[in-house]
2 protein chains.
Amino acid sequence: MPKLGMEPIRRAALVDATITEIGKSGTLDVTVSQIAKRAGMSSALAHHYFGSKEQIFIAAMRHTLSLYGAGVRGALAMAQGPRGRIEAVIRAGFSTTNFRREVVAAWLNFYVLAQTNAEARALLLIYQNRMRSNLVHDLRQLVGDRAEGAAERIAGLIDGLYLREALGREIPSGEDATRQVLEALDLEIGAAQ
Amino acid sequence: MPKLGMEPIRRAALVDATITEIGKSGTLDVTVSQIAKRAGMSSALAHHYFGSKEQIFIAAMRHTLSLYGAGVRGALAMAQGPRGRIEAVIRAGFSTTNFRREVVAAWLNFYVLAQTNAEARALLLIYQNRMRSNLVHDLRQLVGDRAEGAAERIAGLIDGLYLREALGREIPSGEDATRQVLEALDLEIGAAQ
DNA sequence: GGGTTTTTATTGACTCGTCAATCAATGAAA
DNA sequence: TTTCATTGATTGACGAGTCAATAAAAACCC
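Residues numbered from 1 in each chain as written. Chains lettered and ligands numbered in written order. Predicted model: local features only at pLDDT ≥ 70, side-chain atom pairs only at ≥ 80, totals over all residues. Heavy atoms only, no water.

Points about the overall build of chain A
Assigned secondary structure in chain A consists of nine helices and zero strands. Considering only C-alpha atoms, chain A reaches an extent of 65 × 35 × 30 Å along its principal axes. Relative to its 193 residues, chain A shows a buried fraction of 50%. Long-range contacts, defined here as pairs at least 24 residues apart, represent 66% of the contacts in chain A between residues at least 6 apart. When the accessible area of chain A is evaluated, it comes to approximately 8700 Å², of which 56% is carbon and sulfur surface. Taking the average location of the 23 positive side-chain charges in chain A and that of its 20 negative ones, the two points are 5 Å from each other. (Helix = DSSP H or I, 4+ residues; strand = E, 2+ residues; numbered from the N terminus. Buried < 20%, exposed > 50% of the residue type's maximum accessible area, 1.4 Å probe, protein only. Contact = heavy atoms within 4.5 Å. Areas by Shrake-Rupley, 256 points an atom, 1.4 Å probe, with all protein chains shown as cover. Lys, Arg positive; Asp, Glu negative; His and termini not counted. Charge placed at Lys NZ, Arg CZ, Asp CG, Glu CD.)

Here we look at the interface of chain A and chain B
Counting residues at the interface gives 37 residues for chain A and 37 residues for chain B. Contact with chain B buries surface across chain A, with R153(A), R164(A) and L167(A) losing the most and accounting together for 22% of the total. Counting every contact that joins chain A to chain B gives four salt bridges. Note that R146(A) and E183(B) form a salt bridge whose closest N and O atoms lie 3.2 Å from each other. The interface formed by chain A and chain B includes 10 residue pairs in polar contact (both at pLDDT 80 or more). Elements that contribute at least two residues to the side of chain A that touches chain B include exactly α6 (101-114), α7 (118-143), α8 (147-168) and α9 (174-192) of chain A. Sorting elements by how many residues they give to the side of chain A that touches chain B places α8(A) first, with 13 residues. (Buried area = accessible area lost by both parts, 1.4 Å probe. Salt bridge = Lys/Arg side-chain N within 4 Å of Asp/Glu carboxyl O. Polar contact = N/O pair within 3.5 Å; in protein donor to acceptor, adjacent residues only side chain to side chain.)

Topic: the nonpolar core
Among the nonpolar cores identified, the biggest contains 141 residues, and F94(A), L139(A), F94(B) and L139(B) are the most heavily contacted of them. Apart from the residues lying within four places of it in its own chain, the contact partners of F94(A) are F99(A), I158(A), L161(A), Y162(A), G174(A), A177(A), T178(A) and V181(A). (Core = buried A, V, L, I, M, F, W, Y, C linked by side-chain atoms within 4.5 Å.)

Next comes the structure, spelled out in C-alpha cells:
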C-alpha cells in the first residue's frame, strides 16, 4: 500500500518521535527501533530515510532550533520598543512550547553532543549568536556601551535558569524563570541611568 | 604480587580515569575497559571493586563534587565580609581546578544523568542547595529581603556561564565569567541602596 | 619456625544481550 | 517494468558483567 510522497511525512514523524523518546529516557541512548516504533514504522525504514542514527538526531535538533527560532520571531513581531523586544525574546525561550521536559532533555543532550560533534556545535552557535545579536541590538538603546556585557549576562542567566528549572521541578515553571530574567534586565537598565 | 590495601588506590585511580575519559569523549558512553585501561588495570578489576559501570560514574561524581566543595570552603576561609564571601564562592567555581574541560564535560553529563538517576539528582541538589544557602546568607546582609531572588539570579548566572564558556572556547576562561558574575553581583548590591 | 589455610589482588577468556546497519523480498502505484 | 514504500530477518560488532584460575601476602596452628 505504498502511497507516494511519504518521505516528508515519515521524516517529520521520526523527528517528533525522537524528541519524545529523548524526553522519555533523558538520554541520547535511545534505539532507532524505539524511535521508529513510536513513529509507527520499522527501524529499517528509519534507516532508509535518514541513513544513520546520528542523522536522525541532527534532524531532530534542527527541528527544535527552528521551532525556537519561529517562537522568537513571532514574539518579536508583536513587541513594542527595545525593552519590549528583549522581553519578547526572554518570554519566547520560557514559553510552554520551548520549556517542556522533552525539549529541555533534548537541549541538554545537544549540549553534550556539541562538545564533540561539529554539526551540533554549529547549530548551537547559531542559536547563541542569534540570541546575542538580538539582545545587544536592543540593549544598546537602553544601556549604551554596557550592552555587550549586559547581553552576555542576560543570555547566560537564561541558559542557567533553563537548566536549573528543568531539573528542579516536576513541571518546569517558565513564569518564575521569566520573572527572574526580567528582574535582572531591569537591574541592568537601572544601572545605566 | 598482590600488595595488600590496594582497594583505595585502585578506586581513586578509576575515579580519576573516569573523569579523564569522560572529558576525552564528552559522553558517558565510555567503556569500562577504556577507563580501566587508563587506570592501569583490567576491566574485570574495575568491576570487582565497583560492581557496575554506573557505580563507577557515581563515585566519579562524588569526587568531583567533593573537590568543588573543598575549593569553596578553602576560599571562604580566607574571605572578608559578606561581599568577599560571595566573591569567594564565585571564584571557586571558576577556578582552574573546577573549570577544566574534563570537569565541565563531567558536569554536563551529571545533568543529563540527573534527569533519571535518583542518586545523581540527589548529589546535584546538594550542590545547588549549598550554593543557594551560601549566597542567601551573605546577600541578606547586602540586599536585605531581596536576597532570595538575587541568590537565584547569581546562581543561575554561574551555571549558565559555566555552560557557555565551556562550549564556546577551546580553553575556558574563568576570568571573563568571574568578571561577569561579579558585575551582576554589584548590580544587585547597587539596586538595594 | 614450618606447614596449611584463608584472604586479597588480579586477569584472560567467555557469556549473553543489545543494537546499528544491511539486504533481500514483497507489494503497489506510475 | 521501473520506481517508491516497506519490513522481517540477518549480520557483525561491541560491551557489560561473570568466572575460573593464578599468585602472593597474611593469619592460623602445632
